[in-house]
Amino acid sequence: MTTNTVAPPRAVIRVRNLSRELRLGKVRVHALRDVNLDIFAGEMVSIVGPSGSGKSTLLGLIGGLDSPSSGSVEIDGVDISNMNEDQLTTIRNEKIGFIFQFFNLIPTLTARENVALPVQFANKPKYRPDHRARELLEQLGLGDRMHHRPAELSGGEQQRVAIARALANDPPLLLADEPTGNLDTASGQVVLESLRDVQREAGTTVVLVTHDPELAEITDRQLTLVDGQLLGETQEAQHEPA
């Protein structure tokens, strides 16, 4: 008799005993203290907590933008904790898309050109840059805005261009730091829906830092940081097993 077994979910992010100390003058500040967490493929997870709780520090460590004082971070099964900058650059280019509160688009380039840029710089591009940019912008409702420069776009449109750019090389992981923090309510809602669509349709794992309760509520899980420590999590009822 054959026994069917269900494979355990795959952890895209594994954080173990992660700590980060910062020096402010002669004072040492513990930005993070012994954080442990797993985030699984296809999840949308929010990191919430008061200002100064370590949310952006944790996201930066997960994204390889900073190095831990102790502990480890694995991305898609690869330990990035002690990598040099060239190795981290490769991981970021292949595995991670970044979205920030401020859109960081190149002002002299059109929306299409901004999105095509990461594909052009990829070591082994999976797509034709122009075709990929058009595809993503159309998916995000910007098909009629792709030839506009950032100054000609609204804040919400610029953030959706930034999302498209982050997805250009099809990373398994999307990290967003306060993605609606610079937007009005209506524009923020469109961005939220865009992130949720990306997660559902492409299976992308999305991790976002936010102080916005409405944004946190749409995620599968909410992780709470206070004073650099992970206190617990909230799982939305619609995602809990029956």
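About the thresholds
- Numbers given for residues are sequential positions, taken from 1 along each chain in its written order.
- In view of the model being predicted, local features appear only for residues whose pLDDT reaches at least 70, and side-chain atom pairs are presented and counted only at 80 or more, with totals across whole chains, interfaces and linings using the full set of residues.
- Hydrogens are left out, water is left out, and the side-chain values use all remaining heavy atoms of the structure.
- Runs of E in the DSSP output that reach at least two residues are strands. Runs of H or I that reach at least four are helices, and both are numbered from the N terminus.
- The quantity called the radius of gyration is restricted to C-alpha atoms. Its globule counterpart is 2.2 Å times the number of residues to the power 0.38.
- For the exposure calls, accessible area comes from a 1.4 Å probe over protein chains only, and a residue counts as buried if that area is under 20% of its type's maximum, exposed if over 50%, partly exposed in between.
- Whether two residues are in contact is decided by their heavy atoms: any pair within 4.5 Å suffices.
- Note on ring pairs: Phe, Tyr and Trp rings are taken, using the six-membered ring of Trp, and paired if centres are within 6.5 Å. Classes follow the plane angle, with under 30 degrees stacked, over 60 edge-to-face and the rest tilted.
- Think of it as a cone above the ring: NZ of Lys or CZ of Arg counts as a charge over the ring if it is within 6 Å of the ring centre and within 35 degrees of the ring normal.
- This arc corresponds to the set of directions leading from the helix axis out to the C-beta atoms.
- What goes into a patch is any residue over 30% in relative accessible area without a salt bridge, connected to like charges within 9 Å or, for nonpolar side chains (Val, Leu, Ile, Met, Phe, Trp, Tyr), within 5 Å.
- Per-residue and other accessible areas follow the Shrake-Rupley method at a 1.4 Å probe size, with only the shown protein chains counted as cover for residues.
- We define a salt bridge as a contact between a side-chain nitrogen of Lys or Arg and a carboxyl oxygen of Asp or Glu at a distance within 4 Å.
- Residues grouped as a nonpolar core are buried Ala, Val, Leu, Ile, Met, Phe, Trp, Tyr and Cys residues, joined through side-chain atoms within 4.5 Å.
- His is not counted here, nor are the chain ends, while Lys and Arg score as positive and Asp and Glu score as negative.
- Under this definition, polar contacts are N or O atom pairs within 3.5 Å; protein pairs additionally need one hydrogen-donor-capable and one acceptor-capable atom, and for neighbouring residues in sequence, both atoms have to be side-chain atoms.

Undergrad: Even after reading the chapter, I still don't get the overall build of the chain, so can you show me in this structure?
TA: Each helix and strand in the chain was counted, giving seven helices and 10 strands. Taking 2.2 N^0.38 as the reference for a compact globule, 242 residues should give roughly 18 Å; the C-alpha atoms of the chain span a radius of gyration of 18 Å, in line with that estimate. Looking at the chain as a whole, 45% of its 242 residues are labelled buried. The long-range share in the chain, meaning contacts at least 24 apart out of those at least 6 apart in sequence, stands at 67%.

Undergrad: How should the packing of aromatic side chains be read in this particular structure?
TA: Aromatic rings considered in pairs are described by the distance between their centres and by the relative angle of their planes. In the structure shown here, the tally under the stated rule is one aromatic pair. Across the ring face of Tyr127, the terminal group of Arg132 is positioned such that the distance to the ring centre comes to 4.1 Å.

Undergrad: Teacher, can you tell me more about helix α4 (residues 129-139) here?
TA: Along an α-helix, residues three or four positions apart point the same way, because every turn accommodates 3.6 residues. Taken together, the buried positions of α4 are occupied by Arg132, Ala133, Leu136 and Leu137. Summarising the axial view, the buried residues of α4 lie within an arc of 125°, below the 170-degree limit, and thus occupy one face. Exposed positions of α4 whose direction lies more than 90 degrees from the buried face are Glu138 and Gln139. Against α3 (111-121) and α5 (155-166) lie the buried residues of α4. Within two residues after α4, Gly141 carries a phi angle of roughly 75°, on the positive side.

Undergrad: Is there a simple way to think about a nonpolar patch on the surface in this case?
TA: Together, Leu22, Leu24, Val27 and Val29 give the surface a local cluster of nonpolar side chains, amounting to about 320 Å² of exposed area. Of all the secondary-structure elements, those providing two or more residues to the nonpolar patch are β1 (11-24) and β2 (27-40). Here Leu22 lies in strand β1. Since its relative accessible area comes to 31%, Leu22 is described here as partly exposed.

Undergrad: When you look at the environment of Pro125 in this model, what are you seeing that I'm missing?
TA: Of note, Pro125 is situated in the loop between α3 and α4. Spatially, the C-alpha atom of Pro125 lies 35 Å from that of His211, the residues being 86 residues apart in sequence.

Undergrad: So what exactly am I meant to see when it comes to the nonpolar core here?
TA: The nonpolar side chains of soluble globular proteins are, as a tendency, buried together. Ranked by internal contacts, the top residues of the largest apolar core, which has 32 residues, are Val115, Leu137, Val161, Ile163, Leu174 and Leu195. Sorting the residues of this core by element identifies α3, α4, α5, β7 (173-177), α6 (185-202) and β8 (205-209) as the ones contributing at least two each. Setting aside residues up to four positions removed in sequence, Leu195 forms contacts with Met44, Ile99, Ile163, Leu174, Pro179 and Leu208. Counting 27 residues, the second largest nonpolar core, distinct from the first, contains Ile13, Leu59, Ile80 and Leu225.

Undergrad: I tried to follow the side chain of Lys55 on my own but got confused; where do I start?
TA: Here Lys55 shows up in helix α1 (residues 55-62). It turns out Lys55 is buried and unbridged, and the closest side chain with the opposite charge, Glu178, is 5.2 Å from it. One polar contact links the side chain of Lys55 to the main-chain carbonyl oxygen of Pro50, over a distance of 3.1 Å. Beyond its immediate stretch of four places on either side in the chain, Lys55 contacts Ile47, Val48, Gly49, Pro50, Val209, Thr210 and Leu225.

So, to be careful, I would describe these as geometric facts and stop short of saying anything about function.
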